[in-house]
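Residue-level structure breakdown
As a plain string of letters, each chain reads:
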Amino acid sequence: MDPQIVQSIVEEVVLRLKRAGQTTPGIPIGVSARHAHVSIEHLETLFGAGYELTQKSDLFQPGQFAANETVLIVGPKGSIENVRILGPVRGATQVEISRTDAMKLGYQPPLRESGDVQGSSPVTIVGPKGSLYLTEGLIIAQRHIHMSPQDAKMYGFKQGEDVLVQIAGPRSIVYDNVRIRVSERYKLEMHMDTDEANAAWLATGDTGIILHPSDSKWMRQTTELDEQLAEPARRNRGYQENVQLIEQKLLTQRDIQELDASTITVSKHTIITPLARDTAKDKGITILFKQS
Ligand SMILES: [Zn+2]
């Protein structure tokens with residue numbers, strides 16, 4: 001691209017970001033490390049009958065706290081210790097991790113809003129008194145902004161709306177798809193996970209700026225164009241890097257659903273169920289057979 005065009009685009013972006021900064025609020029950032037929410041029943045399975053969470057520290061959102069209790073979470077490829085439980089107890093157990101954590105465990109959990117766990121990844125949770133295997137409940141949390149109805153009205157945002165948030169600094173980033181969540185129980189705060197925070201060199205207590213809707217529209221158009229340009233390169237790279245060697249005897253649909261690979265190599269003795277084959281086809285996964 002012509003350097004002058006690049007320069008003018010950069011100037012335009014800077015101008016728009018500055019303007020956005022004058023018209024929309026600064027948002028305190030809360031970085032969410034991996035954590036678990038547990039039901040009463042599961043708390044008792046993990047810590048013993050009649051057990052109650054003990055409070056380590058208050059979280060910024062009213063009534064929420066970090067508990068002293070931690071658990072071990074386990075996946076097919078590895079485990080992660082000292083995963084903190086956040087209280088109070090909830091109706092359903094749920095574990096929120098980063099994508100980096102997911103790779104360590106060997107799962108590909110979906111990006112979800114907290115509480116929306118249907119069809120998410122399985123996970124094993126181990127506590128001092130027992131363990132449990134959940135068929136679903138492992139998610140990567142959708143970044144979001146907690147906001148009171150008063151703030152939402154004042155700044156002109158709606159429950160469920162997605163906004164862009166600009167983070168300044170040497171690793172400046174604009175985050176798109178930041179979900180607005182409005183409740184009387186909420187205080188103004190953006191939540192993101194550790195991968196997202198690390199990408200922008202952020203820590204809890206830093207602030208971001210919600211871009212004005214007109215700037216968001218302009219930036220999304222630019223992003224769409226970037227996406228189109230980036231797509232072939234991404235597909236190429238994925239094809240080369242995402243090759244997995246599968247050694248197990250039986251490949252099921254579930255195995256294929258969990259895969260994050262464009263090509264897998266399996267033994268010629270591996271049995272692949274018809275559903276697994278169909279799913280591989282749907283996901284565009286190529287299956288190669290190792291000859292030895
Ligand atoms: Zn949150």
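For the structure, check the block above.
Note that the coordinates shown come from a computational prediction; the quantities given were computed from them, not determined experimentally. (Residues numbered from 1 in each chain as written. Predicted model: local features only at pLDDT ≥ 70, side-chain atom pairs only at ≥ 80, totals over all residues. Heavy atoms only, no water.)

1. Observations concerning the overall build of the protein chain
Short version of the rule: Elements are defined by DSSP. Helices are runs of H or I of four residues or more, strands are runs of E of two residues or more, and each kind is numbered from the N terminus. Contact between two residues is taken to exist if any of their heavy atoms lie within 4.5 Å; hydrogens are not considered. Accessible surface is estimated by sampling points in the Shrake-Rupley manner with a 1.4 Å probe; for residues, cover comes only from the protein chains shown.
Scanning the protein chain from terminus to terminus reveals eight helices and 19 strands. Long-range contacts, defined as pairs at least 24 residues apart, comprise 61% of the intrachain contacts of the protein chain with a sequence gap of at least 6. If you sum the accessible surface of the protein chain, you get close to 16,400 Å²; carbon and sulfur atoms cover 53% of it.

2. Some remarks on the coordination of the zinc ion
Put simply, the rule is: Distances decide who is a donor: an N, O or S atom must be within 2.8 Å of the metal, or within 3.2 Å for Na, K and Ca. Water is not included, so sites may look incomplete. Only protein chains enter the area calculation, which uses a 1.4 Å probe; residues under 20% of their type maximum are buried, those over 50% are exposed, and those in between are partly exposed.
Around the zinc ion, the protein supplies His144 (NE2), His146 (NE2) and His191 (ND1) as donor atoms, at distances of 2.0 to 2.1 Å. Taken in chain order, the donor set of the zinc ion reads H-x1-H-x44-H. Assessed through its relative accessible area of 7%, histidine 144 is described here as buried.

3. Some thoughts on the sheet that holds strand E11 (residues 162-167)
Condition: Two strands qualify as a pair provided that DSSP identifies no fewer than 2 bridges between them. Helix axes use the C-alpha atoms of the stretch in contact, all axes being lines fitted to C-alpha atoms, and the angles between their N-to-C directions lie in the range 0 to 180 degrees.
Strands sit in the order E1-E13-E10-E12-E11-E14 around a closed barrel of six strands; the barrel is mixed. Sheet twist, expressed as the average angle between the axes of neighbouring strands with direction ignored, equals 40°. For E11 and strand E12 (residues 173-182), the ladder comprises five bridges, and the chain directions are antiparallel. Bridge pairing links glutamine 166 to valine 174 in E12.

4. Some details on the pairing of strand E13 (residues 189-193)
The side chains of a regular strand alternate, first on one face of the sheet and then on the other. Summarising burial for E13: five of the five residues are buried, a large majority. Side-chain alternation along E13 places Glu189, His191 and Asp193 on one buried face and Met190 and Met192 on a second face that is also buried. Here four bridges tie strand E1 (residues 26-32) to E13, and the two strands are oriented parallel to one another. Across the sheet, serine 32 pairs through a bridge with aspartate 193, a residue of E13. Here strand E10 (residues 144-147) runs beside E13; their pairing, made up of three bridges, is antiparallel. The partner of isoleucine 145 across the bridge, within E13, is methionine 190.

5. A few points about helix H8 (residues 274-283)
Residues three or four positions apart in an α-helix share a direction because the helix packs 3.6 residues into each turn. To keep it simple, the criterion reads: What the arc describes is the spread of directions from the helix axis to the C-beta atoms.
Within H8 the residues assigned to the buried category are Ala276, Thr279 and Ala280. Each buried residue of H8 lies within a common arc of 105° when the element is viewed along its axis, so the set occupies one face. Relative to its buried face, H8 has exposed residues pointing more than 90 degrees away, namely Pro274, Leu275, Lys281 and Asp282. On its buried face, H8 is in contact with strand E16 (250-251), helix H7 (253-258), strand E18 (271-272) and strand E19 (286-290). Glycine 284 sits one or two positions beyond H8 and adopts a positive phi of about 75°.

6. Examining the packing of aromatic side chains
Our working definition: Ring geometry is summarised as follows: Phe, Tyr and Trp rings, the Trp one being its six-membered ring, pair when their centres sit within 6.5 Å, and such pairs are stacked at plane angles under 30 degrees, edge-to-face over 60 and tilted between the two. When the NZ atom of lysine or the CZ atom of arginine is within 6 Å of a ring's centre and also within 35 degrees of its normal, the charge is said to sit over that ring.
Enumeration over the complete set of coordinates arrives at one aromatic pair. Here lysine 187 stacks its cationic end above the ring of phenylalanine 60, 4.3 Å away from the centre of that ring.

7. Quick look at the side chain of glutamate 69
Quick reminder of the rule: Under this rule, positive means Lys or Arg and negative means Asp or Glu; His and the chain ends count for nothing. What makes a salt bridge here is a side-chain nitrogen of Lys or Arg within 4 Å of a carboxyl oxygen of Asp or Glu, nothing more.
Note on placement: glutamate 69 falls in strand E4 (residues 65-74). Arginine 84 provides the closest opposite charge to the buried, salt-bridge-free glutamate 69, at an N-O distance of 6.9 Å. For glutamate 69, the residues in contact, after removing those within four places along its chain, are Phe47, Tyr51, Glu52, Leu53, Thr54, Val83, Arg84 and Ile85.

8. Points about the pattern of salt bridges
By the definition in use, this model includes seven salt bridges. Between arginine 112 and aspartate 116 there is a salt bridge, with the nearest N and O atoms lying 3.6 Å from each other. One salt bridge connects glutamate 258 with arginine 254, and the closest N-O pair in it is separated by 3.8 Å. Highlighted residues: glutamate 258 and arginine 254, both in helix H7, separated by four residues, approximately one helical turn.

9. Section: unusual backbone geometry
Geometrically, the link from glycine 87 to proline 88 is a cis peptide bond, its omega value of 0° lying close to zero. Its place among the elements puts proline 88 in the loop between strand E5 (79-87) and strand E6 (94-96). Even without glycine at this site, asparagine 82 takes up a positive phi of about 55°. Along the chain, the position of asparagine 82 falls in strand E5. Even without being a glycine, tryptophan 201 presents a positive backbone phi close to 55°. Note on tryptophan 201: relative accessible area 63%, which makes it exposed.

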